[in-house]
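# Summary of structural features
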Amino acid sequence: MFMSHEPAIQSLTHETSLFGKTIDSIEFARNCGQLTGYCAVAELARLQDLVGVNTGVVAVTVVGELDEQRRPWLHLAVRGELGLVCQRCLGVVSHTLEIEAHLRLIRTGEPWPEDEVDEGSEGQADEAIAADEGLLISSLVEEEIILSLPYAPMHEACELPGEDELNRKASPFAALAVLKKH
Ligand SMILES: [Zn+2]
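To keep things clear, this report deals only with the structure shown in the data block.

Calculation rules
In this convention, every chain numbers its residues from 1, walking through the sequence in written order. Reporting in this predicted model follows two pLDDT cut-offs: at least 70 for local features of residues, and 80 or more for side-chain atom pairs to be given and counted; totals over whole chains, interfaces and linings ignore these cut-offs and use all residues. Helix and strand labels come from DSSP, where a helix needs a run of H or I of at least four residues and a strand needs a run of E of at least two; each type is numbered from the N terminus. Counts of 20 or more other C-beta atoms within 10 Å of a residue's own C-beta define buried residues, counts of 12 or fewer define exposed ones, and intermediate counts define partly exposed ones; C-beta atoms are placed from the backbone. Each residue is represented by a C-beta atom placed from its backbone, and any two residues with such atoms within 7 Å are regarded as in contact. For two strands to pair, DSSP has to find at least two bridges joining them. We define the nonpolar core as any set of buried residues of the types Ala, Val, Leu, Ile, Met, Phe, Trp, Tyr and Cys, connected via C-beta atoms lying within 7 Å of each other. How far a helix is expected to stretch is found by multiplying one less than its residue total by 1.5 Å. Here the arc refers to the set of directions running from the helix axis out to each C-beta atom.

Across its full length, the chain holds 4 helices and 8 strands. Each helix (α) and strand (β) of the chain, taken in turn from the N terminus, gives the series β-α-β-β-β-β-β-β-β-α-α-α. Within the chain, the proportion of its 182 residues that are buried is 23%. Counted over contacts in the chain with a minimum sequence separation of 6, partners at least 24 positions apart contribute 64%.

It is worth spelling out the pairing of strand β6 (residues 92-106) at this point. Along a regular strand, successive side chains alternate from one face of the sheet to the other. Both strand β5 (residues 72-85) and β6 contribute to a ladder of 13 bridges, which runs antiparallel. By the bridge assignment for β6, His75 is matched with His102. Two successive antiparallel strands, β5 and β6, enclose a turn made up of 6 residues, where Leu90 displays a positive phi of approximately 65 degrees.

This paragraph deals with the nonpolar core. By size, the foremost hydrophobic cluster in this structure holds 31 residues, and its most contacted members are Val60, Leu74, Leu76, Ile137 and Val141. Of all the secondary structure elements, the ones that give two or more residues to this core are α1 (25-30), β2 (34-40), β4 (57-66), β5, β6 and α2 (137-148). With 7 residues, β5 is the single largest residue contributor to this core.

We now examine unusual backbone geometry. Positive phi, close to 50 degrees, is recorded for Cys32, a residue that is not glycine. Among the structural elements, Cys32 can be located in the loop between α1 and β2. With 11 C-beta atoms packed within 10 Å, Cys32 lands in the exposed category.

For the rest of this paragraph, the subject is α2. Side chains three or four residues apart in an α-helix point the same way, a direct result of the helix having 3.6 residues per turn. Over its 12 residues, α2 extends 17 Å from the first C-alpha to the last, a length consistent with the 16 Å expected when each residue adds 1.5 Å. Of all the positions in α2, only Ile137, Ser138, Leu140, Val141, Glu144 and Ile145 are classed as buried. Looking down the long axis of α2, one finds its buried residues gathered within 155 degrees of arc, a one-sided arrangement. Within α2, the exposed residues directed more than 90 degrees away from the buried face are Ile146 and Leu147. In this fold, the buried residues of α2 make contact with β1 (22-23), β2, β4, β5, β6 and β8 (135-136).

By the secondary structure assignment, Val58 is in strand β4. For Val58, a count of 22 C-beta atoms within 10 Å corresponds to the buried category. Along the backbone, Val58 and Val41 are 17 residues apart, and their C-alpha atoms lie at a distance of 6.9 Å. If we ignore the near neighbours within four places in the chain, the residues touching Val58 are Tyr38, Cys39, Val41, Val78, Arg79, Gly80, Leu97 and Val141.

Now the structure itself:
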């Protein structure tokens, strides 16, 4: 769930590609802007080394806000499925993205907050980012996805690639070992 001061965003649709889309981040917050769309996984350059499959899209919602102290925020939600590489069998392991990031915009010359930025619960984070007149949405999405990914994605149950086959070829005794296991 978003924080209580969050505008409702559930009803927004995600039919527009956000490829190349930029916003003036502080203006967007000041105007309580709402932006929805999708980013194609193939267009998220920094993700390419991390995914095993680069088809599909992630749904993105950005909502701007000024808080009670008139400080500008962007609230970012990212939803989707990524095919990561299992670190045990090197097969594709599906990973569900449910990211909600609360990004406080820091103006040029404004002191960077230290104490106010809390580590949220899993999938949620309050962060500070530099305000940008040409903030590239896909770059923000990339960054938040990378931060959210597991360090070593793995299937719940799988084996090393071709373990049994390799053993059988290597030694006739390996076949016996396989039989004994059952
Ligand atoms: Zn695996």
